[in-house]
Amino acid sequence: VPVLFKQALENTAMEEGKSVSLRCELTKADATVVWKKGEATLQASAKYEMKQKGTVAELVIHNAEPEDA
């Protein structure tokens, strides 16, 4: 059974220099989630924090910049 989005990402306004959180909900708990920006896969770092609990996956972007759009 494929994993689908129960709740997809939504456009989020951000304030430069602040942290922003992007969340999505999946149909299957603990499914593998890969966060991308264009073709580039994002890796956990001081800039990007990935969290997942059950069916909810979250990407936190610290010190957000216009280039993070």
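How each quantity is defined
Residues numbered from 1 in each chain as written. Predicted model: local features only at pLDDT ≥ 70, side-chain atom pairs only at ≥ 80, totals over all residues. Heavy atoms only, no water. UniProt positions renumbered as here; feature names shortened; annotations may be inferred. pLDDT = per-residue confidence, 0-100. Helix = DSSP H or I, 4+ residues; strand = E, 2+ residues; numbered from the N terminus. Polar contact = N/O pair within 3.5 Å; in protein donor to acceptor, adjacent residues only side chain to side chain. Contact = heavy atoms within 4.5 Å.

Under the annotation held in an unreviewed UniProt entry, the chain carries the name OBSCN protein and is attributed to Todus mexicanus. According to its UniProt record, the chain has this under Subcellular location (unreviewed entry): "Cytoplasm".

(A) Expanded view of the confidence of the model for the chain. Chain-level statistics for the chain give a pLDDT mean of 91 and a share of 100% at 70 or above. Looking at the elements of the chain, mean pLDDT is at its lowest for strand β1 (residues 5-7), recorded as 86, and at its highest for strand β5 (residues 48-53), recorded as 96.

(B) Highlighting the environment of Lys53. Within the secondary structure, Lys53 is located in strand β5. Considering only alpha carbons, one finds Lys53 and Glu25, 28 residues apart in sequence, at a separation of 9.8 Å.

(C) Highlighting the side chain of Asp68. Tracing the backbone through its elements, the reader meets Asp68 in the segment after β6 (56-61). A polar contact of 2.9 Å, which involves the side chain of Asp68, links it to the side chain of Lys47. A polar atom in the side chain of Asp68 sits 2.7 Å from the backbone nitrogen of Glu65. In contact with Asp68, other than residues within four places in its own chain, are Met14, Lys37, Lys47, Tyr48, Ile61 and Asn63.

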